[in-house]
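Topology and contacts: notes
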Amino acid sequence: MPLINFAAREINYKIVYYGCGLCGKTTNIQYIHRRVNPSARGKLVSIATEEERTLYFDFLPLSLGTVKGMNTRFHLYTVPGQSHYNASRKLVLQGVDGVVFVADSQISRLDENVESYLNLWDNLLNQSDDLSQLPMVLQLNKRDLSDVFSVVDLTELLNHTSSLVMDACALTGVGVFETLKLICKQVIARTART
């Protein structure tokens with residue numbers, strides 16, 4: 001559930017970009033941060049150790065309006081891509097309102113994508129969240145490369161919740177803001193229903 005700051009009249013949503021290592025999670029967040037109006041965004045923070053990194057920033061969109069008379073603020077996070085950092089992944093997922101699962105479309109990355117997708121399910125179930133009830137967008141990243149799965153095949157493999165799917169190339173920005181808008185609208189709609 002989102003956090004409500006009554007004093008600031010804001011509803012705060014947490015969106016987590018999840019996926020295997022080098023799939024484009026960080027590139028998505030960096031692209032968004034560079035293009036959001038500086039007066040409406042927070043600082044890009046990297047929580048890093050010697051071996052892992054999590055990115056975070058928040059922004060107050062001007063075009064999505066209000067929910068129940070309150071402004072919306074979105075906090076975007078990435079998780080470490082390597083599966084041996086699962087403790088950090090679990091921490092980042094706590095209190096999540098929506099997930100963007102970033103899949104690397106390259107055929108050679110199938111095993112890593114499936115492992116990360118199953119890990120997402122396990123981690124959410126361990127914290128009593130149900131991915132089938134949680135807003136999610138499946139972003140098929142790196143569509144600009146030549147040796148990639150078809151959209152149909154990759155969607156069939158990684159979309160057991162009938163989530164919305166977006167083709168993307170995070171390096172160039174294709175599909176990045178479209179993905180963000182889809183997940184933001186879903187988490188807002190979920191709040192509006194309650």
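Computed from a predicted structure; not experimentally measured. (Residues numbered from 1 in each chain as written. Predicted model: local features only at pLDDT ≥ 70, side-chain atom pairs only at ≥ 80, totals over all residues. Heavy atoms only, no water.)

Next up on the list: the environment of L76. In this structure, L76 sits in strand β6 (residues 70–78). With a relative accessible area of 0%, L76 lands in the buried category. L76 sits 68 residues away from A8 along the chain, and the two C-alpha atoms are 19 Å apart. (Helix = DSSP H or I, 4+ residues; strand = E, 2+ residues; numbered from the N terminus. Buried < 20%, exposed > 50% of the residue type's maximum accessible area, 1.4 Å probe, protein only.)

What follows deals with the side chain of N159. By secondary structure assignment, the location of N159 is in the loop between α4 (151–158) and β9 (164–167). Looking at N159, the relative accessible area reads 13%, which means it is buried. A polar side-chain atom of N159 sits 3.3 Å from the main-chain amide nitrogen of S162. Not counting residues within four places of it along the chain, the set of residues in contact with N159 comprises Y117, L138 and V165. (Polar contact = N/O pair within 3.5 Å; in protein donor to acceptor, adjacent residues only side chain to side chain. Contact = heavy atoms within 4.5 Å.)

Attention now goes to the nonpolar core. The biggest cluster of nonpolar side chains holds 25 residues, and the ones touching the most others in it are Y13, I15, Y17, I32, F74, L76 and L180. Secondary-structure elements contributing two or more residues to this core are β2 (10–18), α1 (25–35), β6, β7 (98–104) and α5 (176–193). Ranked by residue count, the leading element in this core is α5, at six residues. When near neighbours in sequence (up to four residues on either side) are disregarded, Y17 contacts K25, N28, I29, I32, L76, Y77, T78, V79, V100, V102 and L180. (Core = buried A, V, L, I, M, F, W, Y, C linked by side-chain atoms within 4.5 Å.)

Below, the discussion takes up α5. Taking 1.5 Å per residue, 18 residues should reach 26 Å; α5 reaches 26 Å between its end C-alpha atoms and fits that length. Regarding α5, the residues found buried are V176, T179, L180, I183, C184, Q186, V187, I188 and T191. (Expected span 1.5 Å × (residues − 1).)

By the burial criterion, the buried members of helix α2 (residues 86–93) are N86, S88, R89, V92 and L93. With its buried residues spanning 155 degrees around the axis, α2 presents them on a single face. For α2, the exposed residues set more than 90 degrees away from the buried face come down to A87 and L91. The first or second residue beyond α2 is G95, which carries a positive phi of 75 degrees. (Arc of directions from axis to C-beta.)

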